Amino acid sequence: MYKYLLCWRYLRTRYIALASIVSVMLGVATMIVVNAVMAGFSDTMRQRLHGVLADIVVESYDLDGFYDSEEVIARIQDVAAADIVAMAPTMETFGLLRIEIGGRSTTRQVKIIGVRPDERARTGDFAEFLIGQGKDATGKPEPILPSFEVPESYRLNTPLGRLMRESDPDDVFAKVVREDARELVPDRGIILGYALATIHKPGTNEDLFIAPQGAKVTLGFLKGGRKPEPSADSFTTVGYFKSGMSEYDSSYVYVPLERLQEVRALGDGKGSGAVNQIQIKLREGADLDKVAMKLQDALEPIRPAYFRVSTWEQMQGPLLAAVSLEQGILNLLLFLIIAVAGFGILAIFSMIVVEKTRDIGILKALGASTAGVRGIFLGYGFSLGVVGSGVGLAIGLAFVSRINEIEKTLSDLTGRKVFDDQIYYFDHIPTLVEFWTVASIVLGAILIAVVASVWPAQRASSLHPVRALRYE
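Given the structure is predicted, the values throughout are model-derived calculations rather than measurements.

Criteria and cut-off values
Each chain has its residues counted from 1, running along the sequence as written. In keeping with the model being predicted, local features are shown solely for residues with a pLDDT of at least 70 and side-chain atom pairs are shown and tallied solely at 80 or more, while totals for entire chains, interfaces and linings include all residues. To obtain the side-chain values, all non-hydrogen atoms of the structure were included, while hydrogens and water were left out. Salt bridges are identified by distance alone: a Lys or Arg side-chain nitrogen within 4 Å of an Asp or Glu carboxyl oxygen. Elements are defined by DSSP. Helices are runs of H or I of four residues or more, strands are runs of E of two residues or more, and each kind is numbered from the N terminus. Relative accessible area decides the class of each residue, using a 1.4 Å probe on protein chains only: under 20% of the type maximum gives buried, over 50% gives exposed, and in between gives partly exposed. The contact definition used throughout considers only heavy atoms, calling two residues in contact when any of these lie within 4.5 Å. Here a polar contact is taken to be a pair of N or O atoms separated by no more than 3.5 Å, where protein atoms must pair a possible hydrogen donor with a possible acceptor and residues adjacent in sequence count only if both atoms sit in side chains. To estimate how far a helix should reach, multiply one less than its number of residues by 1.5 Å. In this description, strands pair whenever DSSP reports at least two bridges between them. Like-charged residues within 9 Å of one another, or nonpolar side chains (Val, Leu, Ile, Met, Phe, Trp, Tyr) within 5 Å, are grouped into patches, provided each residue has over 30% relative accessible area and no salt bridge. Surface accessibility in these figures is a Shrake-Rupley result with a 1.4 Å probe; residues are shielded only by whichever protein chains are displayed. The angle between two axes is taken between their N-to-C directions and runs from 0 to 180 degrees, where each axis is a line fitted to C-alpha atoms and a helix contributes only its stretch in contact. Each angle receives one of four descriptions, namely roughly parallel if under 35 degrees, roughly antiparallel if over 145, roughly perpendicular if within 65 to 115, and oblique otherwise. It is the rotation of the near helix from the far one that decides the hand of a crossing: anticlockwise by less than a right angle makes it left-handed, clockwise makes it right-handed. All residues other than Ala, Val, Leu, Ile, Met, Phe, Trp, Tyr, Cys, Pro, Asp, Glu, Lys and Arg, Gly among them, are scored as polar; the first ten of these are nonpolar and the last four charged. Stacked, edge-to-face and tilted labels apply to pairs of Phe, Tyr and Trp rings (six-membered ring for Trp) whose centres lie within 6.5 Å, assigned for plane angles under 30 degrees, over 60, and everything in between, in that order.

Moving on, we come to the pattern of salt bridges. Under the counting rule described, the total for this entry stands at 12 salt bridges. Across the pair Arg 259 and Asp 233 runs a salt bridge whose closest N-O atoms are separated by 2.7 Å. Taken together, the residues span a long stretch of sequence, with Arg 259 in helix 10 (residues 257–263) and Asp 233 in strand 10 (residues 230–241) at a distance of 26 residues. Under the relative-accessibility criterion, Arg 259 is labelled partly exposed at 21%. By relative accessible area, which is 8% here, Asp 233 ends up buried. As a salt-bridge pair, Glu 262 and Arg 259 come within 3.5 Å of each other at their nearest N and O atoms.

Below, the structure written as structure tokens:
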């Protein structure tokens, strides 16, 4: 019982130990906040990356693709039908996007993706990322349906469209106007990456649309075949793709698959032109790596060394690995804060042993055992670790729960945004508190405090009673 009483007394009266408690507290709180923010960023980024890509992607090494997509899809079904939920043939290529702005034009390099919108929506979060130019009742971007259909209202809202409304439908002039209006607003829709179609106004939360819905844009690209030739086609903007990942929102454009096959001279005239990707969505709980290996082996006999089968994590491997490495290094550096607290506990306890040598001798003379004396200091170290970790845990969790309010307050006080959503592409700071991560931080801090008290405890317990009592 005396061990606990002495631990409690030292904890209340030895104010120098507060330095160690504060060090442990700050280390634990900092690690909890950093891990919650890093985990939140990583989890949100993984969700968005997964939403852009399907679970598994079968692609050809040739950008011109393959015409026997039905045979490939049938082979995939034979091998993994029990795990497959949906598939979407896709054509991807590189090109140039030209947008007319007030008599001038701007040109951007883009990745052109030909899809059937309904099929692509079933293999990922494509539909969830589609928005229009307007706002809903809550002020958020208005969602739109996955479709390339060009509404007639776009054409009627142009000067030629207004003239067309006022003309007699059977008049020859009206027919010419109608054809000119169709040329001005093509009946081929395109979905642009949000960052391609907008310019952010500095110092505001507003985006200026340089390619509003109904605007005509032009795509330039190479035709397929042995002798690639430049080609171009015009489209009408019908919506925007906003995944929250700037890499994709600033480079992706989606067009109808059949139209892209046709203008690239890769169509067969029967609606089954060439594709160079097949996006595959698997059932919940399926082993992506195992299914990918099975598909790779199954497609090899069709065309040796031609198909590449990858999971979405493998396609985004370098980015995910970089985030994981950064989080690990940051945790290691922050854990050194707690290690510093451990050295502080070691120094303080060593000083207490020297200061209380006579008291230790009295305890041992009164019958305190070696293990009992050792337990006093180990218990004291454990107490410091528990108190510091407990307070740090409370502060860390409270900070995480209010982190966006704290960020707003700091931004107002400093006059500049601490967390700029235009840089990080999140409208708020994402956080994710993981139980086992928090538990390992707290237990690790307590363990360091106990380990730091082992050597002073052993030194105190090994003192001889007579020599300790003679100590001055």
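A word on the environment of Glu 313. Along the chain, the position of Glu 313 falls in helix 12 (residues 312–315). Residue Glu 313 is classed as partly exposed on the basis of its relative accessible area, which comes to 32%. In sequence terms Glu 313 and Asp 289 are 24 residues apart; their C-alpha atoms lie 9.5 Å from each other. Ignoring anything within four residues of it in the chain, the contact list for Glu 313 reads Arg 46 and Leu 320. A distance of 2.3 Å separates the side chain of Glu 313 from the side chain of Arg 46, its partner in a polar contact.

The next thing to look at is helix 16 (residues 403–414). For an α-helix, the turn length of 3.6 residues means that residues three or four places apart are oriented alike. Look at helix 16: 16 Å from first C-alpha to last across 12 residues, which is about the 16 Å you get at 1.5 Å a residue. Looking one or two places after helix 16, you find Gly 415, whose phi comes out positive at around 80°.

Burial analysis of strand 1 (residues 56–60) places five of its five residues in the buried class, the great majority of the element. Residues Ile 56, Val 58 and Ser 60 point to one face of strand 1 and Val 57 and Glu 59 to the other, with burial holding for every one of them. Of the pairings in the sheet, the one linking strand 1 to strand 13 (residues 307–311) comprises five bridges and is antiparallel in character. Across the sheet, the residue bridging to Glu 59 is Arg 308, located in strand 13.

Here we take up a nonpolar patch on the surface. A grouping of Leu 325, Ile 329, Leu 333 and Leu 336 is seen on the molecular surface, where their side chains present a nonpolar patch of about 400 Å² in accessible area. Relative to the helices and strands, Ile 329 is located in helix 13 (residues 317–355).

Turning our eyes to something else, we now look at the side chain of Glu 92. Position of Glu 92 relative to the elements: it lies in strand 2 (residues 84–101). A residue is classified by how much of its surface remains accessible, and Glu 92, at 14% relative accessible area, is buried. In terms of polar contacts, Glu 92 uses its side chain to reach the side chain of Gln 277, at 3.5 Å. With residues up to four places along the chain from it excluded, the contact list for Glu 92 reads Leu 63, Lys 111, Ile 112, Ile 113, Asn 276, Gln 277 and Gln 279.

Moving on: the packing of helix 3 (residues 69–80) against helix 11 (residues 288–299). A packed helix pair is summarised by two numbers, namely the angle formed by the two axes and the spacing between the axes. Where helix 3 contacts helix 11, the two axes come as close as 10 Å, and the packing angle between them is 130°. Put simply, helix 3 runs oblique to helix 11. Between helix 3 and helix 11 lies a crossing whose hand is right-handed. Contacts between helix 3 and helix 11 pair Val 72, Arg 75, Ile 76, Val 79 and Ala 80 from the former with Val 291, Lys 294, Leu 295, Ala 298 and Leu 299 from the latter. Class assignment for the residues of the contact of helix 3 with helix 11 results in eight nonpolar, no polar and two charged.

Quick look at the packing of aromatic side chains now. Two aromatic rings, taken as a pair, are described by how far apart their centres are and by the angle between their planes. Going through the model one piece at a time under the given rule, you end up with 13 aromatic pairs. Between the aromatic rings of Tyr 194 and Tyr 240, the centroid separation amounts to 6.4 Å while the plane-to-plane angle is 85°, which identifies the pairing as edge-to-face. Residue Tyr 194 is found in helix 8 (residues 194–197), and its partner Tyr 240 is found in strand 10; the two are separated by 46 residues along the sequence. Aromatic side chains Tyr 248 and Tyr 252 sit 5.0 Å apart centroid to centroid with 65° between the ring planes, which places their arrangement in the edge-to-face category. Residue Tyr 252 is classed as buried on the basis of its relative accessible area of 9%. Taken together through their ring pairs, the aromatic side chains of Phe 126, Phe 129, Phe 241, Tyr 248, Tyr 252 and Tyr 254 make up a single cluster.

Remember, this is a structural readout, not a statement about activity or role.
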